[in-house]
Amino acid sequence: EQTKSAPLPGATPAEPTSRAVGTTSLPIELLAELDDDDPVTRLLSRGQFQAAFDQVDLLLNRSSDALAHRLYQRGMAQLALADRTGDPERYKSAGLDFMRVIIYRPRSVKVVGAALMEAGYVHQKIGRVDLARKLFDRAKLYIEEGDQSELARRLMALIAAVADER
């Protein structure tokens, strides 16, 4: 499956949309199975992360339909805002949303793989490289090169980025 790149906060259309991981610059990837016509997906794709967070928060309070996708979207919005500000509390909130995907919807295999990977990234950012490695190893069980090649490439780059960290 293809993935959708969401622009980074503050990026102009002419500049690349990536976030640094170690010395590697990686795009923020959204799951390809997210509906392009979904209002939250459109906001994320446009880099309007606070608006996406607010919208998905309202949707989660109304219904549990598509819970895994909504929690993933909220986590991605918070993660992008955390990358913008460096706020450790935002990283932790994003990490909680990713872990909720894993707990509440463990059979949503594609979303679980992406959530594990992003939870690992969160742990890397807050200095828990040991947990990041474990989460990346679990994510490898869900993310296959053929199905989710962009996510697989990102996962491999994240794994490489933490390989030498203590």
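Everything numeric in this text was worked out from a predicted model, so none of it was measured. (Residues numbered from 1 in each chain as written. Predicted model: local features only at pLDDT ≥ 70, side-chain atom pairs only at ≥ 80, totals over all residues. Heavy atoms only, no water.)

Quick word on the overall build of the chain
Phase 1 of the analysis: Along the chain, the regular secondary structure elements total seven helices and four strands.
Phase 2 of the analysis: Reading the chain from its N end, one meets helices and strands in the order β-β-β-β-α-α-α-α-α-α-α.
Phase 3 of the analysis: Counting all 166 residues of the chain, 47% fall into the buried class.
Phase 4 of the analysis: Restricting the contact set of the chain to residue pairs at least 6 apart, pairs at least 24 apart contribute 62%.
Phase 5 of the analysis: As presented, the chain carries roughly 8200 Å² of accessible surface, and 50% of it is formed by carbon and sulfur atoms. (Helix = DSSP H or I, 4+ residues; strand = E, 2+ residues; numbered from the N terminus. Buried < 20%, exposed > 50% of the residue type's maximum accessible area, 1.4 Å probe, protein only. Contact = heavy atoms within 4.5 Å. Areas by Shrake-Rupley, 256 points an atom, 1.4 Å probe, with all protein chains shown as cover.)

A short note on the nonpolar core
Phase 1 of the analysis: Among the nonpolar cores identified, the biggest contains 47 residues, and Tyr72, Leu79, Phe98 and Val101 are the most heavily contacted of them.
Phase 2 of the analysis: Mapped by element, the contributors of at least two residues to this core are helix H1 (39-45), helix H2 (49-62), helix H3 (67-85), helix H4 (88-104), helix H5 (109-125), helix H6 (129-140) and helix H7 (149-162).
Phase 3 of the analysis: The element contributing the most residues to this core is H3, with ten residues.
Phase 4 of the analysis: Those residues within four positions of Phe98 in sequence are excluded, and the remaining contacts are Tyr72, Gly75, Met76, Leu79, Ala115, Glu118, Ala119 and Val122. (Core = buried A, V, L, I, M, F, W, Y, C linked by side-chain atoms within 4.5 Å.)

A word on the confidence of the model for the chain
Phase 1 of the analysis: Per-residue confidence for the chain gives a mean pLDDT of 81; residues scoring 70 or more make up 80%.
Phase 2 of the analysis: Here residues 1-27 is modelled with pLDDT under 50, and outside its nearest four sequence neighbours on either side it reaches 78 contacts, counting other chains as well. (pLDDT = per-residue confidence, 0-100.)

Some points on H7
Phase 1 of the analysis: The first and last C-alpha atoms of H7 sit 20 Å apart over 14 residues, in line with the 20 Å expected at 1.5 Å per residue.
Phase 2 of the analysis: Three or more residues of H7 are buried, namely Ser149, Leu151, Ala152, Arg154, Leu155, Ala157, Leu158, Ala161 and Val162. (Expected span 1.5 Å × (residues − 1).)

Here we look at the packing of aromatic side chains
Phase 1 of the analysis: What the rule picks out here adds up to one aromatic pair.
Phase 2 of the analysis: Relative to Phe98, the ring of Tyr72 lies with its centre 6.2 Å away and its plane at 55°, an arrangement referred to as tilted. Highlighted residues: Tyr72 in helix H3 and Phe98 in helix H4, separated in sequence by 26 residues.
Phase 3 of the analysis: A cation sits over an aromatic face here: Arg90 above Phe53, 5.7 Å from the ring centre.
Phase 4 of the analysis: Sitting over the face of the ring of Tyr121, Arg154 holds its NZ or CZ atom 5.3 Å from the ring centroid. (Phe/Tyr/Trp six-rings, centres within 6.5 Å; stacked < 30°, edge-to-face > 60°. Lys NZ or Arg CZ within 6 Å of the ring centre and 35° of its normal.)

A look at the packing of H5 against H7
Phase 1 of the analysis: Contact geometry for H5 and H7: axes closest at 11 Å, N-to-C directions at 25°. Relative to H7, the element H5 is oriented roughly parallel. H5 and H7 meet at a crossing whose hand is left-handed. Mapping the contact onto sequence places Ala114, Met117, Glu118, Tyr121 and Gln124 in H5 and Leu151, Arg154, Leu155, Leu158, Ala161 and Val162 in H7.
Phase 2 of the analysis: By residue class, the composition of the contact of H5 with H7 is eight nonpolar, one polar and two charged. (Axes fitted to C-alpha atoms, helices over the stretch in contact; angles between N-to-C directions. Parallel < 35°, antiparallel > 145°, perpendicular 65-115°, else oblique. Left-handed = near helix turned anticlockwise from the far one by under 90°. Nonpolar A, V, L, I, M, F, W, Y, C, P; charged D, E, K, R; others polar.)

Quick word on the pattern of salt bridges
Phase 1 of the analysis: By the definition in use, this model includes nine salt bridges.
Phase 2 of the analysis: Between Arg154 and Glu118 there is a salt bridge, with the nearest N and O atoms lying 3.0 Å from each other. Remark: Glu118 occurs in helix H5 and Arg154 occurs in helix H7; sequence separation between them is 36 residues. Each member of the pair, Arg154 as well as Glu118, is classed as buried.
Phase 3 of the analysis: Within the structure, one salt-bridge network assembled from shared partners comprises Asp57, Arg74, Asp97 and Arg100. (Salt bridge = Lys/Arg side-chain N within 4 Å of Asp/Glu carboxyl O.)

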